[in-house]
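# A closer look at the structure
Here is how the chains run, residue by residue.
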Amino acid sequence: MPDQDGECDPTEVLEKLARVLGSAEWSKWLTDTMQAFAVALTGVSERRMIDVVASLFLAQAGSSVYAASRILGKGEEEALRDAQEALCRIYRASLELLRETYATGTLEDRYKRALRELVGGEA
């Protein structure tokens, strides 16, 4: 998936995230969803299966983009390209968010909180 034409530019995803976080209703929904998801991911991480679960989750997201493109009248190849480009933008946005949470110290804070919850003590 070439990046020089902007297919993998995560800007749109990051801007959408900023708008969602700026809305009280959507931000609460997103926070609630992420908290529920985080509990499930802890078990997945403990079993060292995050790569498997994430791959399946992203493939499902790509399938949804593919289906939406097909419903809008696009051909199979074009719908597949749409799905691949969407997944690439999602991946790049995820990397950017990870780097940002690391730079702000939030990533380490989340690690320490998760560790405290897992061991029942202080990290």
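I will try to describe carefully the structure that is included in this document. All residue numbers refer to positions counted from 1 along the written sequence of the respective chain. Restriction of local features to residues with pLDDT of at least 70 applies here, the model being predicted, together with a cutoff of 80 or more for giving and counting side-chain atom pairs; totals for whole chains, interfaces and linings are based on all residues. Remark: hydrogens and water are excluded; side-chain values derive from all non-hydrogen atoms of the structure.

We call Phe, Tyr and Trp rings a pair once their centres come within 6.5 Å, taking the six-membered ring for Trp, and we label the pair stacked below 30 degrees between planes, edge-to-face above 60, and tilted otherwise. In the structure shown here, the tally under the stated rule is two aromatic pairs. Between F37 and F57, the aromatic rings sit 5.7 Å apart at their centres with planes inclined by 40°, giving tilted as the arrangement. With F37 in helix α2 (residues 24-46) and F57 in helix α3 (residues 50-71), this pair connects stretches of sequence that are 20 residues apart. Any residue under 20% of the maximum accessible area for its type is buried, any over 50% is exposed, and the rest in between are partly exposed; the area is computed with a 1.4 Å probe on protein chains only. Residue F37 is classed as partly exposed on the basis of its relative accessible area, which comes to 32%. Note on conventions: DSSP H or I runs of at least 4 residues are helices, E runs of at least 2 residues are strands, and numbering of each starts at the N terminus.

Multiplying 1.5 Å by the helix residue count minus one yields the expected span of that helix. For helix α4 (residues 76-103), with 28 residues, the first-to-last C-alpha span of 41 Å sits near the 40 Å given by 1.5 Å per residue. Of all the residues in α4, the buried ones are A79, D82, A83, A86, C88, A93 and T101.

Here the focus is the pattern of salt bridges. In the sections that follow, a salt bridge refers to a side-chain nitrogen of Lys or Arg positioned within 4 Å of a carboxyl oxygen of Asp or Glu. For the structure on display, the rule yields three salt bridges. In this structure, the salt-bridge partner of D32 is K28, at a minimum N-O distance of 2.7 Å. Taken together, the residues span about one helical turn, with D32 and K28 both in helix α2 at a distance of four residues. Using a relative accessible area of 52% as the deciding quantity, one classes K28 as exposed. A salt bridge links D82 to K74; its shortest N-O distance comes to 2.7 Å. A relative accessible area of 16% means that D82 is categorised as buried. When its relative accessible area of 28% is taken as the criterion, K74 is described as partly exposed.

Here the focus is the packing of α3 against α4. Each axis is a line fitted through C-alpha atoms, and for a helix only the stretch in contact is used; angles between axes span 0 to 180 degrees, taken between their N-to-C directions. Running from N to C, α3 and α4 cross one another at 140°; their axes reach a closest spacing of 8 Å. Taken together, the axis directions place α3 and α4 in an arrangement best described as oblique. Here the hand of the crossing between α3 and α4 comes out right-handed. Along its contact with α3, which presents L58, A61, G62, V65, Y66, S69 and R70, the element α4 presents E76, A79, L80, D82, A83, A86, L87 and I90. Residues are sorted three ways: Asp, Glu, Lys and Arg are charged, Ala, Val, Leu, Ile, Met, Phe, Trp, Tyr, Cys and Pro are nonpolar, and all the rest, Gly among them, are polar. Among the residues forming the contact of α3 with α4, the class breakdown is 10 nonpolar, two polar and three charged. An angle counts as roughly parallel when it lies under 35 degrees, as roughly antiparallel when it exceeds 145, as roughly perpendicular when it falls between 65 and 115, and as oblique in every other case. The crossing is said to be left-handed when, going from far helix to near helix, the turn is anticlockwise and less than a right angle, and right-handed when the turn is clockwise. The criterion used for residue contact is that any of the two residues' heavy atoms lie within 4.5 Å.

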